Amino acid sequence: MVDVRQKMDNATFKSDTVLSDVHLHCPNKRHLMVRLNAVGQPVFLSYFKLLWNTEDSASEKHVREATTGREHQYISGAELCDKDRTNLKQERELNNEGIEALLDDDGDLEVVRRPRSASDLEAEGLLRDRVYPVILMKGKEDAFEDEEQECTCTDVVKIEHTMATPLEDVGKQVWRAAFLLADYILFKRDVFRCCSVLELGGGTGITSIIMGTVAKRVYCTDVGEDLLAMCEQNVALNKHLMEPGRGEVKVKELDWLKDEFCTDPEAPYSWSEEEIADLHEHCTVIMAADVFYDDDLTDALFRVLYRITHNLRNSCTIYLALEKRLNFTLRHMDVTCEAYSHFRNTLNDLENLQDRKMKYTVEPINLDFCQFLIYERIEQL
C-alpha cells in the first residue's frame, strides 16, 4: 500500500509495507497454518539448503543453471551431476519443442500437448528438490514434524522470519545481501576459522549462523526484543550446524543510537562486562548485511564502527554487503539510488579520516566466488 500526499509543490510517497523477494516457491509443497509473532506479524519457517560439501575444495568452480519461466537457481559444480545435467537438458528441449496448434469448430485455438513422460516428472522433481520453499509454521512444539525427514541436518539452515513488515521491522525478513555475505563466508571459510566476530544489524541471524559454522564466537547484534527473540530462536534451530565445542553464537542488543553497550542485567540480551572485554580483546571481524537503507541509520552505524574499532586490541576487517535499490524520485525526475550514494560518501569520509590511532582502507570484493545458497545474485548486489 502506498500513500501519496501532496505537500506544497512536492509529492511525498510513504510505503506502509516492505516485502522481501528472495524466496522461491514450489507448488508441490503444502503450506501450514500461520503463527503470529508478538506484534501480530505472520511467522514463516524457511529451509535454505547449503549447496556444498564440507570436504569440497573452496576453489570449486561455480556453475549457474537458469531454469525456464518463474524459477531460477544457482548451484555449485559439485552439486550438478551428469544425470542432473541430462534431466535439465531434456526439460529445456521439451519446453522449446514446437507444438501443433489447431482451431476448434468455433474458431478457438486448441493446443495439442504431448502427454508428460516419466523423464519430465523426474526433471521437475529434481528442480523442486533443489529449491526449499517457504513453509508456514503451526507452532513451536510441532513446527518441523511434517518436514523434518526431508532435511539433511548437515546442509539445511532453518530460519524463522516474516515476509512483509513495516519499515521499522525489516530486520525480521531475509534479504539478498545476507545470502551474499553468507556465500562469501562459506567460500572463504578458512579465513574466518576460529575468529571472533561481531555482526551489526544481524536481523534473523542467518549470516551469523553461517559464520558460526566456522568461527569460534559470533556476537549477533540488533535492537528490539521481539526481533532478538526471533534471532535467538533461529540460532537454537541451527545448533546442528555448529561444530562440537566451537561455533558459539551469542545474540545481543546493540543500539546504534546509543553511545554505550546495554549492560543492565535486568534487560534481555544485555552485555556482561566479561563479554564486552572479550569482544574488545579478541574481535578481528565485523560484518553487516543490507543495513544501508536510511541515511540517519547509516550515519549511526559508521559512528558505532568508529567507536568499536577504536577499542579493539587487534586490527579488524569489516565486511559490508548491500543491495543497491533504485527508485524514481520527483526531486531528480530520474532513477536514483540515494541510500547507496549516501553510504558511499560516508564510507569515503571514513577512509579519508585523519586519525593518529586508526587508518581505514576500503577495498571492493570481486563477486565471482561460488554460490552456496539458492537466491538470485543480481547485479545490484
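Starting afresh in each chain, residues are numbered from 1 along the sequence in its written order. Local features in this predicted model are restricted to residues whose pLDDT is 70 or higher, and side-chain atom pairs enter the listing and the counts only when it is 80 or higher, whereas totals over whole chains, interfaces and linings include all residues. Excluded from the side-chain calculations are hydrogens and water; all other atoms, namely the structure's heavy atoms, are used.

Trainee: Could you give an account of the layout of surface pockets, with specific residues and numbers?
Mentor: Buriedness for pockets is judged along seven lines, at least five of which must meet protein on both sides within 12 Å for an open set on the 1 Å grid over protein atoms alone, while cavities are sets there where a 1.4 Å probe fits but cannot get out, and lining residues have an atom within 4 Å of a point. Grid points are joined across faces, edges and corners, and a volume is the space filled by probe spheres set on the points. Each pocket or cavity is described by its volume, and for the second largest pocket that value is around 1,100 Å³. The wall of the second largest pocket is formed by 34 residues, among which I318, Y319, L320, V362 and E363 lie closest to the centre. Each helix is a run of H or I in the DSSP string that is no shorter than four residues. Each strand is a run of E no shorter than two, and both are numbered from the N terminus. Within the residue set of the lining of the second largest pocket, elements represented by two or more residues are α3 (176–187), α8 (295–311), β17 (317–321) and α9 (338–351).

Trainee: Give me the confidence of the model for the protein: which residues, what numbers.
Mentor: Looking at the protein, the pLDDT average stands at 76 and 62% of residues meet or exceed 70. The pLDDT value expresses, per residue, how confident the predictor is, ranging between 0 and 100. Any two residues whose heavy atoms approach within 4.5 Å at even a single point are treated as in contact. The low-confidence segment residues 1–13, where pLDDT is below 50, has 17 contacts with residues more than four positions distant or belonging to other chains.

Trainee: Could you give an account of the nonpolar core, with specific residues and numbers?
Mentor: Put simply, buried Ala, Val, Leu, Ile, Met, Phe, Trp, Tyr and Cys residues joined by side-chain atoms within 4.5 Å make one nonpolar core. Between buried and exposed lies partly exposed: a residue is buried under 20% and exposed over 50% of the maximum accessible area for its type, with that area taken using a 1.4 Å probe on protein chains only. Ranked by internal contacts, the top residues of the largest apolar core, which has 46 residues, are V157, I185, F192, V197, I206 and M211. Looking at this core, the elements with two or more residues in it are β11 (156–161), α3, α5 (206–212), β14 (217–222), α6 (225–237), β15 (248–253), β16 (283–289) and β17. If one sorts the elements of this core by residue count, α3 sits on top with 10 residues. Apart from the residues lying within four places of it in its own chain, the contact partners of M211 are I185, F192, V197, V218, V285 and M287. Within the second largest apolar cluster, 27 residues are counted, among which are L254, F261, W271 and L312.

Trainee: Quick one: what's the story with the pattern of salt bridges, residue by residue and with numbers?
Mentor: Salt bridges are counted wherever a side-chain nitrogen of Lys or Arg sits within 4 Å of a carboxyl oxygen of Asp or Glu. Applying the stated criterion to the full structure yields 13 salt bridges. Members of the salt-bridge network, linked through shared partners, are R217, E248, K250, K252, E275 and D278.

Trainee: I'd like to hear about unusual backbone geometry, residue by residue, with values.
Mentor: If you check the backbone angles, C194 has positive phi at about 70° while not being a glycine. By the secondary structure assignment, C194 is in the loop between α4 (189–192) and β13 (196–199). A positive phi angle, close to 55°, is found at D290, a residue other than glycine. Relative to the assigned elements, D290 resides in the loop between β16 and α8. When its relative accessible area of 11% is taken as the criterion, D290 is described as buried.

Trainee: Which residues make up the pairing of β16, and what values go with them?
Mentor: Of all seven residues in β16, six are buried, a share of seventy percent or more. Looking at chain direction, β13 and β16 are connected through four bridges and run parallel. Within β16, the position partnered with L198 by the bridge is I286. When DSSP finds at least two bridges between two strands, those strands are taken to pair. Here β16 runs beside β17; their pairing, made up of five bridges, is parallel. Paired with A289 across the strands is A321, a residue of β17. A crossover connection joins β16 to the parallel β17 through α8; in handedness this β-α-β unit is right-handed. Looking down the strands as they point away from the viewer, one classifies a crossover as right-handed if the path from the first strand across the helix to the second runs clockwise.

Trainee: Can you tell me about the packing of aromatic side chains, naming the residues and giving the values?
Mentor: Pairing of aromatic rings covers Phe, Tyr and Trp, the last counted by its six-membered ring, and requires centre-to-centre distances within 6.5 Å; plane angles under 30 degrees mean stacked, over 60 mean edge-to-face, and any other angle means tilted. Overall, the coordinates contain 14 aromatic pairs when judged by the stated rule. Ring geometry for F302 against F343: centres 6.2 Å apart, planes inclined by 40°, an arrangement best described as tilted. In this pair, F302 sits in helix α8 while F343 sits in helix α9, placing the two residues 41 residues apart along the sequence. This pair shows no difference in class: F302 is buried, exactly as F343 is. These aromatic residues form a ring-pair network of at least three members: Y184, F187, F192, Y319 and F369. A ring is scored as having a charge over it whenever the NZ atom of a lysine or the CZ atom of an arginine sits within 6 Å of its centre and within 35 degrees of its normal. Here the basic side chain of K324 rests over the ring of Y340, its NZ or CZ set 5.0 Å away from the ring centre.

Trainee: Residue-level account of the sheet that holds β17, with values.
Mentor: Strand pairing in a sheet relies on backbone hydrogen bonds. The paired strands run either parallel or antiparallel. If you walk across this open sheet you meet the five strands as β15-β14-β13-β16-β17, and the pairing is parallel. Looking at which strands have only one partner, the edges of the open sheet turn out to be β15 and β17. Across the sheet, the axes of successive neighbouring strands diverge by a mean angle of 20°, strand direction being ignored. Where β14 meets β15, six bridges bridge the pair, whose relative direction is parallel. Across the sheet, the residue bridging to C220 is V251, located in β15. Against the sheet, helix α7 (residues 273–282) touches β13, β14, β15 and β16, its axis set at about 100° to β16. Lines are fitted to the C-alpha atoms to define the axes, a helix being fitted only along its stretch in contact, and any angle between axes, read from their N-to-C directions, falls within 0 to 180 degrees. Packed on one face of the sheet, α8 meets β13, β16 and β17 and runs near 170° to β16.

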